[in-house]
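One-letter residues, chain by chain:
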Amino acid sequence: MQKEMFNINGNLINEVEIKVINGKDGEVKAANFTLFRKMGKVGEKKKEYINCNVYGEKAELTKDFEKGDFIHVFGYFKEVKKEDKSYRNFIVKHLNKADKTVNEEEE
């Protein structure tokens, strides 16, 4: 079954956590961060927090990200069950820091 891929833009709400984990093929660098975005029509107050995970060489790209940066990510959602809880994480395949002011001027 093919995974549904998404493009998401949002603001980084905390510092990126980078660590080394044990993967299938040995040690792998992993970066974890949370993006915030407002959704819906103007005047609606829908908010979404997206927990993102990026692995391998791409994790290194996050080292210069700072709280408040506008970030673009591309990837898919993965649900993980741990004990009685279910977590929904966004697995990042591509990411970059975007200049929000440029995007707003183009619209």
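The chain carries the name Single-stranded DNA-binding protein in an unreviewed UniProt entry, which gives Lachnoanaerobaculum orale as its organism.

### Topic: the confidence of the model for the chain
Across the chain, pLDDT averages 88, with 92% of residues at or above 70. Per-element confidence in the chain ranges from a low mean pLDDT of 50 for helix H1 (residues 100-106) to a high of 95 for strand S1 (residues 6-12).

### A short note on the side chain of Asn53
For Asn53, the location among the structural elements is in strand S4 (residues 46-55). One polar contact links Asn53 to Asn32, side chain to side chain, over a distance of 2.5 Å. Contacts of Asn53, omitting those with residues within four sequence positions, involve Ala31, Asn32, Asn89, Phe90, Ile91 and Val92.

### Remarks on the environment of Ile8
When you line up the elements, Ile8 lands in strand S1. Judged by relative accessible area, which is 2%, Ile8 ranks as buried. For the pair Ile8 and Val73, spaced 65 residues apart in sequence, the C-alpha separation works out to 5.3 Å. When sequence neighbours within four positions are dropped, the list of residues in contact with Ile8 reads Arg37, Ile50, Ile71, His72, Val73, Phe77 and Phe90.

### Details of the pattern of salt bridges
Scanning the model with the defined rule gives 5 salt bridges in all. The salt bridge partner of Glu60 is Lys29, with a shortest N-O separation of 2.7 Å. A residue pair is termed long-range when its members are at least 10 positions apart, and Glu60 in the loop between S4 and strand S5 (70-82) and Lys29 in strand S3 (residues 26-39) qualify at 31 residues. A relative accessible area of 32% places Lys29 in the partly exposed class. Measuring nitrogen to oxygen at the nearest pair gives 3.3 Å for the salt bridge that ties Lys97 to Asp69. With a gap of 28 residues between them, Lys97 in strand S6 (residues 85-98) and Asp69 in the loop between S4 and S5 connect regions that are remote in the sequence. Exposure remark for Asp69: the relative accessible area of 13% places this residue in the buried category. Among the charged side chains, a salt-bridge network with shared partners connects Lys29, Glu60 and Lys63.

### What about the side chain of Glu48?
Here Glu48 lies in strand S4. For Glu48, a relative accessible area of 17% corresponds to the buried category. Within polar-contact distance, the side chain of Glu48 engages the side chain of Arg37 at 2.7 Å.

Conventions used here
- Residues numbered from 1 in each chain as written.
- Predicted model: local features only at pLDDT ≥ 70, side-chain atom pairs only at ≥ 80, totals over all residues.
- Heavy atoms only, no water.
- pLDDT = per-residue confidence, 0-100.
- Helix = DSSP H or I, 4+ residues; strand = E, 2+ residues; numbered from the N terminus.
- Polar contact = N/O pair within 3.5 Å; in protein donor to acceptor, adjacent residues only side chain to side chain.
- Contact = heavy atoms within 4.5 Å.
- Buried < 20%, exposed > 50% of the residue type's maximum accessible area, 1.4 Å probe, protein only.
- Salt bridge = Lys/Arg side-chain N within 4 Å of Asp/Glu carboxyl O.

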